[in-house]
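Single-letter residue listing:
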Amino acid sequence: MINASLKQLSAALAAKKLSAVEMATIFLDRIEKFNPALNAFITTDRAKTLAQARAADESRKVGAGGTAISPLCGIPLAHKDIFCTRGWRTTCGSKILADFVSPYDANVVEKLAAAGMVTLGKLNMDEFAMGSSNESSYFGPVKNPWDVSCVPGGSSGGSAAAIAARLTPAATGTDTGGSIRQPAALCGLTGLKPTYGVVSRYGMIAFASSLDQAGPMAKSAEDCTLLLNAMAGFDARDSTSLERTPEDYSRDLDKPLAGLRIGLPKEFFGEGMDTDVRAAVEAALTEYRKLGATTVEVRLPNSGLSVPAYYVIAPAEASSNLSRFDGVRYGHRAAEYDDLAEMYSRSRAQGFGAEVKRRILIGTYVLSHGYYDAYYLQAQKIRRLIAADFVAAFKDCDVIMGPTSPSVAFAFGAKSADPVQMYLSDIYTISTNLAGLPGMSLPCGFGNTQLANPMPVGLQIIGNWFGEAKMLNVAHQYQKVTDWHTRMPEKMR
Amino acid sequence: MSLSLEDVTRIALLSRIELSAGERENTREQLNGILGFIEQLQAVDTSGIAPMSHAVDVVQRLRPDIVTETDRRADFQALAPETEAGLYLVPQVIE
Amino acid sequence: MKWEVVIGLETHAQLQTKSKIFSGSSIAFGAAPNVQASAVDIALPGVLPVLNREAVVCAIKFGLAVGAQIAPRSIFARKNYFYPDLPKGYQISQFETPVVSGGGLMIRVGSGDTATEKFVQLTRAHLEEDAGKSLHEDFQGRTGIDLNRAGTPLLEIVTEPDMRSSAEAVAYAKALHALVQWIGICDGNMQEGSFRCDANVSVRPLGQKEFGTRREIKNLNSFRFMQQAIDFEVQWQINEIEEGRAIRQATVLFDPDSGETRSMRSKEDAHDYRYFPDPDLLPLEITADWIAQVQSGLPELPQAMKTRFESDYGLSSYDAAALTMTRATAEFFEDATAATGKGNGKLCANWVTGELAAHLNKTDMPIEASPVSAAQLAGVIRRIADNTISNKIARDVFEALWSGDGKDADAVIEAKGWKQITDTGAIEALVDEVLAANQKSVDEYRAGKEKAFNALVGQAMKVTKGKANPQQVTDLLKKKLSA
């Protein structure tokens with residue numbers, strides 16, 4: 001059961017092999033058993049979860065009044081704690097929101113609830129999604145289920161660890177610079193960041209508004225397809241949500257890959273990638289050639305600038321987005337202060353962690369008078385160059401592939417002392433966010449195999465704008481002939 | 001570009017983040033490390049390139065002028081640190 | 001030394017929409033605190049702004065009305081600063097590319113025949129959201145925050161530093177105030193803060209090219225205060241300079257009680273607003289089609305109407321200006337004229353700017369609330385024009401209508417028996433009677449005393465209680481006396 005695909009879970013519910021309540025209970029029990037060691041969940045609420053499961057059982061019984069029951073009805077999932085969830089504590093991994101019980105639902109939460117999915121709880125994350133290791137959460141680091149001395153990646157580290165440990169069959173994540181794909185890679189799962197604007201950002205606590213995008217995380221591409229079908233779609237409450245004809249992202253899943261042109265950016269296969277990661281990615285490419293794909297070298301000449309450009313743009317937007325946390329209307333307020341100015345600066349100093357403060361300060365600086373043109377405007381221009389590289393590259397290929405992360409999961413503390421080293425963990429993922437492109441990561445083997453605990457390696461697929469169905473097809477065909485996505489850590493059985 | 005302690009103090013004030021004297025020096029070093037890293041952007045020739053503010057090249061969709069919201073003050077103020085008579089309270093603002 | 005005053009105005013006009021600029025909350029005035037503050041308005045985590053189409057329509061209307069350029073693409077930016085009545089920690093405004101730029105307003109300074117016209121150029125007008133309100137009383141050293149106003153749509157209208165006196169500034173503010181109401185984008189209610197002005201004031205020696213250092217007077221919420229504040233500020237600046245002190249750029253508030261301006265204390269930390277394009281809001285596109293569509297729904301503008309009044313009705317520039325001060329006045333005048341015939345335009349103008357305006361002034365009433373309707377006034381004017389009543393009787397008829405004494409002019413005339421006597425036979429008999437009874441006056445007139453003639457006319461009018469046609473009386477008297 002815990003290793004079953006969403007399709008299998010759906011079939012089990014439809015065949016009444018078990019109820020949604022029973023299914024939710026299995027996962028709640030596992031959370032109770034394994035979460036203390038992993039710290040993947042910040043909040044669980046058995047009563048709320050079971051009430052939702054009962055409601056799902058009820059709708060499966062009585063039908064949805066003429067409309068078809070969603071295949072996801074009754075299947076449990078958990079939300080990254082960045083999504084506002086009505087009646088649930090929504091912390092964004094921060095002390096400043098430690099007691100914030102959301103009075104409303106994010107669009108993503110609403111849509112998945114409308115499909116009948118059952119919420120198991122709220123997942124740990126880097127504070128305000130700022131991090132690549134999940135070490136910046138106010139609620140403590142999340143452990144990688146493959147090796148608890150290693151990070152799960154970030155910022156959707158709780159989502160990744162919970163799925164890898166089979167504490168939930170699926171989870172939501174958000175990706176601003178790789179926050180779905182990198183933890184998916186480090187924990188051995190499949191995660192997809194859609195094209196910017198495909199999933200509504202309403203109710204998703206903003207980090208960098210022009211880069212943030214929510215997406216599904218699960219074991220397989222097929223699972224992600226089902227989830228994306230439920231999450232995607234126009235939302236009038238998000239001005240950047242795109243009005244497009246709804247698509248069925250599963251429509252191309254079974255297409256053969258003969259003739260597929262895979263672009264391999266020269267820049268993604270140079271120095272900086274660990275040999276074990278390289279070996280696994282190369283093996284995956286060999287597999288793709290066997291499936292009938294051809295590979296072609298493409299160039300993304302400005303991709304090396306993506307990390308520095310990102311660390312201007314994202315902090316700039318974040319510095320402004322996080323100004324609303326001022327201790328006036330909600331959130332942490334310092335206990336002692338002499339005046340308004342001190343109330344602000346002390347509440348924020350106490351409420352935000354070190355990495356968040358660093359990024360606010362950097363963002364404030366790059367937007368400040370006299371520096372705006374040199375930093376912010378220059379980064380926005382380079383952003384256009386980076387996007388233009390992709391336009392050119394996609395003339396020669398259908399998808400782009402490469403590693404998701406330069407290394408497998410690293411040990412706690414390995415990069416936390418040097419912010420820039422940490423930032424470089426996202427060197428292969430950030431450019432897609434800058435360009436607004438869809439990207440995904442899928443497990444393609446293990447690295448670090450000389451040690452006791454082999455750690456998963458992720459293969460990144462970057463699609464053209466709105467190329468989600470194609471990417472999912474490409475990933476699914478690979479997963480039909482490989483079993484990396486079905487592996488789970490033995491200790492979590 | 002390297003930040004001085006005065007720069008750090010000014011940025012912290014603009015950001016409304018209290019830094020103790022001890023934190024300031026440490027913060028200065030970290031910020032300078034990051035700025036040193038993003039400095040490489042300066043070397044790129046971007047003349048004639050339009051800045052890209054959004055990930056998608058579409059224009060703004062507009063909302064019809066309809067009142068859709070209802071009073072949820074009680075729900076919202078349940079979250080507030082301090083309220084009175086329906087108002088959010090803060091330390092005295094002096095003009 | 002002779003000093004020249006330089007003034008530029010920034011006006012915040014609250015737009016007449018139903019809902020807020022970026023949320024679906026009501027903007028109705030006077031609600032209990034924070035009941036019109038939605039999740040978006042109080043900036044809950046995760047909420048997003050969505051622009052109200054009607055606010056953009058208002059900006060387009062304004063741009064068209066002042067002959068400005070309307071940007072085919074404009075950008076919303078964030079203006080970052082911390083203040084408790086600013087929930088997001090930034091205000092969504094427009095910075096580098098505003099929706100409206102250029103254009104201007106013709107203003108009239110002074111009154112009567114000495115009035116002069118002047119064109120005040122506009123720099124720009126941009127859309128932005130209002131902040132909430134800080135209430136400083138009653139909370140034992142705490143400030144209360146009401147966010148009902150947060151997110152109310154504003155059009156900020158900025159002039160070039162074109163005005164040279166407080167009178168010009170007030171004339172501009174009044175013209176703008178009338179215009180935004182005329183085109184229906186702002187209710188103009190200054191007490192409720194729907195129309196607020198900030199004045200940038202500086203002085204320089206007459207003939208000097210460079211501007212002096214300016215100080216900004218914030219939140220002038222009446223024309224009278226604007227005049228007082230600017231006059232005080234100008235004198236203060238001149239005194240400072242003459243005493244050898246340099247003016248430092250500052251934001252000041254006007255205290256109506258003392259009549260003085262004073263510097264605001266809370267602005268000591270230098271602002272750095274860190275404007276940048278709001279990533280939550282894509283570029284605003286305004287197509288030529290959309291502009292044309294708004295244009296077709298726009299009423300005739302005051303300047304055009306004034307010109308038309310002058311040519312169509314032969315009105316003086318002064319009368320035409322007075323009649324186009326507000327759209328309601330112009331409509332009243334046009335309605336009355338239409339009902340009396342175009343030839344009576346001048347007569348109608350005299351009545352609207354004379355008797356009616358005097359009555360409205362005395363009772364401090366807007367023309368929309370006038371107890372005498374345009375149709376009723378037209379009724380009075382028709383009876384003047386066809387000699388049924390004299391001008392003097394007409395004023396009595398108007399007075400009767402004003403106090404609700406009768407449904408229209410004819411009814412009043414009928415009821416009071418005020419119909420003018422125009423029958424030549426009757427008037428002749430009357431004149432004979434007067435001549436017979438006032439031999440003394442007749443003698444005096446014949447002896448060359450012109451005044452005596454007036455006394456005879458007066459007698460005739462008195463006997464008929466003013467109902468005799470004065471022209472006929474005059475003519476007949478002259479004829480009989482010279483016979």
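Computed from a predicted model, the values in this text were never measured in an experiment.

Peer 1: How do you make sense of the overall build of chain C when you look at a structure like this?
Peer 2: Helix and strand content of chain C: 15 helices and 17 strands. In terms of overall dimensions, chain C has a C-alpha envelope of 95 × 55 × 50 Å along the principal axes. Out of the 483 residues in chain C, the part that is buried amounts to 55%. Long-range pairs, those at least 24 residues apart, make up 69% of the contacts in chain C between residues at least 6 apart in sequence.

Peer 1: Help me understand empty space enclosed by the protein, please; the structure alone is not making it clear to me.
Peer 2: To find leftover empty space, a probe the size of one water molecule is rolled over the atoms. This model, assessed by the stated rule, comprises three cavities of 30 Å³ or more. Roughly 140 Å³ of volume is contained in the largest cavity. As for the largest cavity, its lining consists of 20 residues, of which Val40(C), Asp41(C), Lys88(C), Ile92(C) and Glu129(C) are closest to the centre. Looking at the lining of the largest cavity residue by residue, the classes come out as eleven nonpolar, two polar and seven charged. Empty space within the second largest cavity amounts to approximately 70 Å³. Taken together, Ile205(A), Ala206(A), Asn321(A), Arg324(A), Phe325(A), Pro45(C), Gly46(C), Val47(C), Leu48(C) and Asp280(C) make up the lining of the second largest cavity. Taken together, the residues of the lining of the second largest cavity break down into six nonpolar, two polar and two charged.

Peer 1: Looking at this structure, how should I read the sheet that holds strand β2 (residues 87–91) of chain B?
Peer 2: Strands in a sheet are paired, the pairing made by backbone hydrogen bonds, and the direction either parallel or antiparallel. The strand order across the open sheet formed by four strands is β1(B)-β2(B)-β10(C)-β9(C), and the pairing between neighbours is antiparallel. Looking at which strands have only one partner, the edges of the open sheet turn out to be β1 (83–84) of chain B together with β9 (133–135) of chain C.

Peer 1: Help me out: how do you make sense of the interface of chain B and chain C in this one?
Peer 2: Where interface size is quoted, it is often the accessible area lost as the parts come together. Contacts between the two partners involve 39 residues from chain B and, on the opposite side, 58 residues from chain C. Taken together, the two surfaces of chain B and chain C that pack against each other cover about 4100 Å², and 57% of this comes from carbon and sulfur. Linking chain B with chain C are two salt bridges, by the criterion used here. Close ionic contact of Arg142(C) with Glu82(B) constitutes a salt bridge, the shortest N to O distance being 2.4 Å. Taken together, the links from chain B to chain C amount to 23 residue pairs in polar contact (both at pLDDT 80 or more). With five residues, β2(B) is the largest single contributor of residues to the side of chain B that touches chain C. In terms of residue class, the side of chain B that touches chain C is built from 19 nonpolar, eight polar and twelve charged. Note: β2(B) against strand β10 (residues 142–146) of chain C, four bridges, orientation antiparallel. Looking at β10(C), one finds that Val90(B) is bridged to Thr143(C).

Peer 1: I'm lost on the nonpolar core in this one. Help?
Peer 2: A general feature of soluble globular proteins is that nonpolar side chains tend to end up buried together. Counting residues in hydrophobic clusters, the biggest one holds 206 residues, and the most contacted among them are Phe128(A), Tyr288(A), Met401(A), Ile461(A) and Leu44(C). In this structure, Met401(A) is in contact with Ile262(A), Gly263(A), Leu264(A), Pro265(A), Phe269(A), Leu285(A), Tyr288(A), Leu459(A), Gln460(A), Ile461(A) and Val474(A), ignoring residues within four places of it in sequence. Ala68(C), Tyr90(C), Met190(C) and Ile230(C) belong to the second largest nonpolar core, which has 108 residues in total.

Peer 1: What exactly am I supposed to notice about the pairing of strand β14 (residues 250–255) of chain C here?
Peer 2: Put simply, side chains in a regular strand alternate between the two faces of the sheet. Residue and element names in this part refer to chain C. Pairing of strand β13 (residues 215–220) with β14 involves four bridges; the strand directions are parallel. Paired with arginine 215 across the bridge in β14 is alanine 250. Bridge count for β14 against strand β15 (residues 260–263) is four bridges, and the pairing is antiparallel. Paired with leucine 253 across the two strands is arginine 262, which belongs to β15. Where β14 hands over to β15, the hairpin turn is made up of four residues, of which glycine 259 adopts a positive phi near 75°.

Peer 1: Explain the pattern of salt bridges here, please?
Peer 2: Per the stated rule, a full pass over the model turns up 60 salt bridges over all chains. Residues Arg204(C) and Glu4(C) are paired through a salt bridge, measuring 2.9 Å at the closest nitrogen-oxygen approach. Within this pair, whereas Arg204(C) is found in strand β12 (residues 195–205), its partner Glu4(C) is found in strand β1 (residues 3–14), the two being separated by 200 residues in sequence. Take Arg204(C): its relative accessible area is 8%, and that puts it in the buried class. Here Glu4(C) falls in the buried class, since its relative accessible area comes to 18%. In this structure, a network of salt bridges that share partners links the residues Arg201(A), Asp238(A), Arg78(C), Asp278(C) and Asp280(C).

Rules used throughout
- Residues numbered from 1 in each chain as written.
- Chains lettered and ligands numbered in written order.
- Predicted model: local features only at pLDDT ≥ 70, side-chain atom pairs only at ≥ 80, totals over all residues.
- Heavy atoms only, no water.
- Helix = DSSP H or I, 4+ residues; strand = E, 2+ residues; numbered from the N terminus.
- Buried < 20%, exposed > 50% of the residue type's maximum accessible area, 1.4 Å probe, protein only.
- Contact = heavy atoms within 4.5 Å.
- 1 Å grid on protein atoms, 1.4 Å probe; cavity = no way out; pocket = protein on both sides within 12 Å on 5 of 7 lines; lining within 4 Å.
- Points joined across faces, edges and corners; volume = space filled by probe spheres on them.
- Nonpolar A, V, L, I, M, F, W, Y, C, P; charged D, E, K, R; others polar.
- Pairing = 2+ DSSP bridges.
- Buried area = accessible area lost by both parts, 1.4 Å probe.
- Salt bridge = Lys/Arg side-chain N within 4 Å of Asp/Glu carboxyl O.
- Polar contact = N/O pair within 3.5 Å; in protein donor to acceptor, adjacent residues only side chain to side chain.
- Core = buried A, V, L, I, M, F, W, Y, C linked by side-chain atoms within 4.5 Å.

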